[in-house]
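Descriptive structure summary
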Amino acid sequence: GILEAIEGSRVLQHLVTLDISQNEMARQGVEKLGSMLTTRNCAMESLDVSWNQIRLDAALPICEALGLNKTLRRLKLDWNGLDENCCSKMADALRTSPLHHLSMAYVHMLGPGAMLLSTGLRKNQTLKTIRVDGNNIKQMGARSLMQASLQSGRTEENKLEISTMNCNLATLDTSTFNKSEPSGEYSLDMEVPRERMTFNELLTLAMLGKGKFMLYPEPVVTFTDGSTKKYTIVVPEKGTDDEDFWRPDGGILSFAFGSTRAETTINDVISVDEIALLKETLVDPEKRERERVGAIKAFCEGDTFMTFAIVHSLLSETLNETDHPTERVELVRQCFNRLLDSERAPDLLLLLNTSERIQVVKYLGMVATSFTKSNTTGHYRLELSKKPQRDICLRLCEVQNAQTELTNSIDAYYSDRMGGLRPVTERTWRNATLDNKPHTFSYDWIVPQYGFLELDFVQLKKPSHDAAEPDEQVFHELLKSFQDAPSTERLRHLRSWSARHLFLCRQVEILLEHFDTSVNRVEAMVIAFARTRDWHGYSNLIALLTVAEEEQLHKRIGTTNLFDEVNAVGYYELDLTIADHRFVAQELVHLSLDEPGDNAIDTQYNGIDFMIPTSWVKEVPNRGLFTTYYCREKECLERIEEQGAWGHADYPFNVQGKLPPAHRSDYSLWYLEEFVEDGQMVPHGTAWTRKHRMRRIKIKMMEKADSAKKMFGLLDSDGGGTLDRKELSVGLFRLGVWLQPPELQALMECLDEDGGGDIDAAEFSAWWDAMVMVKKVRKVNKWQSVRDSTDIEDAGDGMGMGSAHSSFAGGRESNTSKLLKSMSMGGPTSLLSALKSANSDASSPTAAQSPASPFLLEASSQDALFPSRRASVEGASVQEGDEGQGAEG
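As a starting point, this report considers the structure included with it. (Residues numbered from 1 in each chain as written. Predicted model: local features only at pLDDT ≥ 70, side-chain atom pairs only at ≥ 80, totals over all residues. Heavy atoms only, no water.)

1. Quick look at the overall build of the protein
A count of helices and strands for the protein gives 32 helices and 23 strands. Sequence-distant contacts in the protein: of pairs separated by 6 or more residues, those separated by 24 or more amount to 77%. On the protein, roughly 37200 Å² of surface is accessible, and the fraction owed to carbon and sulfur atoms is 50%. (Helix = DSSP H or I, 4+ residues; strand = E, 2+ residues; numbered from the N terminus. Contact = heavy atoms within 4.5 Å. Areas by Shrake-Rupley, 256 points an atom, 1.4 Å probe, with all protein chains shown as cover.)

Now the structure itself:
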């Protein structure tokens, strides 16, 4: 009645303020009010329709009229109920409305409604205040409103004030579209405002290069009558306004989207304006503690990152220990794994007092506190329902995306080479399981909110070619930190140190000296993998590991990643049923044909002497055991060390067609130094293979006996005091030491010095003692060792790739030995069945499992500031002197 009276009189052109709050305005009344606002002679400047039980889309007439009205400056819609359609229309109106003050408190608006409203705020220059108190918009909704106000290009004098009291900012709404996690399959109704907005956000991400629309499944539009039509999604050019985005007018658009977000850049860091707004919120005396904590969560969520300097500034200038202890803890909790300079994350703990530090570490857990994007190679077991661990998963996805260009260049490099099409191998996201089921990474993978993700992640990016030489004094400080520290603490120091510093191969050798158990030695090698400056010598370090340790390293890092074309000289045992091994075999075939000289020597296939046939040039078979020594001539070594490959300069890790000097290494295997020239890392020619073969044989024997006397006694079954060829062969076989025919022949030639055909104890002892298995540490400087011992027990069994292809922990026989035994003793009739038999034994409950990183597993107890971590390997071999220790790490 009153609205009809006003509309039908001349009062409207003189009415400036209208307050009809606390009424029960029907839909018809709202429509009448909307009509009044669009009347040409309307002079209204202030309108209050709060507490009118306006529900759902009943407020649409007012929202639509607001876009046409040129006089209204203040509007109150509090304590009604506005749906997303109303929020969308309000956003459209705000693009052109001269409104100064808008109050939408307690209108049942959710996060998507706030995000819709923010699209209009980005275009608005007149609004001075907006109040959305009491709406459950949560973190994403509040964040979108705050960002919109800053993205509108306002000046300091024209700043928009947003009130978000009682908006549940401490909670993340997982049902709301999150542009920091956009991957997945979508079916969007293009007539629904929220879903149109989601499509706009995805187009924006694609435009900025942070995501892409997948080709499969092919995008289609489904109409109301059930018909479908293929749809081509057009990604706009950079700088295009979202109003000009091309999208369907109706129907349900179905497609898949993948995140390509890679390394964090300075452009992802929170803006100066956002920092100022956050500081204002934190010091606002009217804000309660819960609201300040919620503001911290909102500003540290999504795709925004911090720097150490920003967090330090907030802690020192805005949040003092006395008045804001809760806010200080929350800030570090949220920012710890969201720093651009991620290597400085541990320094954040030093900015807190002891009580605050304990709270942060207890919340983050060992996974998050030890993680750094500078060195992501490691084993992870992530409980995705815990935010800190889920954040780590998201960071790993970013590193995975960042390595795409490098992995593509590596794949392209190996795509046109002899040996056949290279098998598909997972280089970075390895051995992954999600809730104990095999898992493969893809761009459109949606990181679930719950479940356990376990994987070995490998960082392929190598240290920069212009990285400075590692500082010996800094390395000395690391060794000093090892004194009197348990192995787990040493590993923690080592990983933290590796985030900021690089290693040299000779330093990694020294580090291995400070770890006693197999698990920890492998972990040290994993930590050093992507942080070794002269990384082309890394393959030589593998020879310092035991057979079981080497097997674990290959499982975690991957044989394809450990294979180094520059340092390919070595001995290989390759099971061609395993994709990684077949890849290496194909490369050896290619290199042996491409490089000059007699390269592949003592080659065998299934235990039989073998010449690589021409058929292998086209396709290396996918079954069988392939063994060979790969050698290079001096001229070939020099050419490769200059340009990374023999016949071309397109090696993926080259810089301007040359192998960077910083990546070269002079670290060589100590027991082959007599065959290695100064400045090189591998021997040339073939003379070294004899000594290498004898060393491998002794290593196999040392797994059964620790002295010549004990070994001879085990072999001399009849007690006659001598061994002939048959007795030696049968005795070794009985002990589980399988020697291939060339190895047995070479051993007989070395043992039987007088050529009499029999070997006595003296001859056997002389040979045993001649094969020195202990290396004296070369004291390069006074910082190389902090232990009294000067010996390194070297129980490795090869150089380069060695024999780390088919052995298992716990002194178990290698797959190679099992296979050849079964073939020679009338076991499985086919090679494939023999391999399956060997592999089934290796996967039994007693077989060694992949050792979990003592840093990257969640601690079972977090009562202390730095709780102890434990990792074990079932059935792992126990080193001498390790009994009772298990595999603590």
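2. Things to note about the pairing of strand β13 (residues 429–434)
Sheet topology places β13 next to strand β15 (residues 452–457); four bridges connect them, and they run antiparallel. What sits directly across from Thr433, in β15, is Glu454. Relative to strand β14 (residues 437–438), β13 runs antiparallel, the two being bridged by two bridges. By the bridge assignment for β14, Thr433 is matched with Pro438. (Pairing = 2+ DSSP bridges.)

3. Section: the pairing of strand β17 (residues 600–605)
The sheet contact formed by β17 and strand β19 (residues 625–630) spans four bridges and is antiparallel. In the strand pairing of β19, Gln604 is matched with Thr627. Sheet topology note: the β17/strand β18 (residues 608–609) ladder contains two bridges and is antiparallel. Across the sheet, Gln604 pairs through a bridge with Asp609, a residue of β18. In this structure, the hairpin formed by β17 and β18 is closed by a connection of two residues, where Asn606 is found at a positive phi of approximately 60°.

4. Describing the pattern of salt bridges
Evaluated as defined, the whole model comprises 45 salt bridges. Measuring nitrogen to oxygen at the nearest pair gives 3.7 Å for the salt bridge that ties Glu218 to Lys230. Here Lys230 lies in strand β10 (residues 228–230) and Glu218 lies in the loop between β8 (211–213) and β9 (220–222), a separation of twelve residues in the sequence. Looking at Glu218, the relative accessible area reads 43%, which means it is partly exposed. (Salt bridge = Lys/Arg side-chain N within 4 Å of Asp/Glu carboxyl O. Buried < 20%, exposed > 50% of the residue type's maximum accessible area, 1.4 Å probe, protein only.)

5. Concerning the nonpolar core
With 103 residues, the main nonpolar core has Met90 and Trp429 as its most contacted residues. In this structure, Met90 is in contact with Cys63, Leu66, Leu75, Leu77, Leu102, Met104 and Leu117, ignoring residues within four places of it in sequence. (Core = buried A, V, L, I, M, F, W, Y, C linked by side-chain atoms within 4.5 Å.)

6. Some thoughts on a negative patch on the surface
Negative charge collects at one region of the surface, where Asp718, Asp724, Glu753, Asp754, Asp758 and Asp760 lie side by side. Along the chain, Asp758 falls in the loop between α29 (741–751) and β21 (759–760). For Asp758, a relative accessible area of 39% corresponds to the partly exposed category. (Patch = residues over 30% accessible without salt bridge, like charges linked within 9 Å, V, L, I, M, F, W, Y side chains within 5 Å. Lys, Arg positive; Asp, Glu negative; His and termini not counted. Charge placed at Lys NZ, Arg CZ, Asp CG, Glu CD.)

7. A short note on the environment of Thr722
With respect to the helices and strands, the residue Thr722 is situated in strand β20 (residues 722–723). Judged by its relative accessible area of 33%, Thr722 falls in the partly exposed class. Once the C-alpha coordinates of Thr722 and Glu763 are considered, the two residues, 41 residues apart in sequence, prove to be 9.7 Å apart.

8. Notes on the environment of Ala528
Relative to the elements of secondary structure, Ala528 occurs in helix α19 (residues 518–528). Put simply, Ala528 and Tyr538 are ten residues apart on the chain and 8.9 Å apart in space, counted from C-alpha to C-alpha. For Ala528, the contacting residues outside a window of four places in its chain are Phe503, Val508 and Tyr538.

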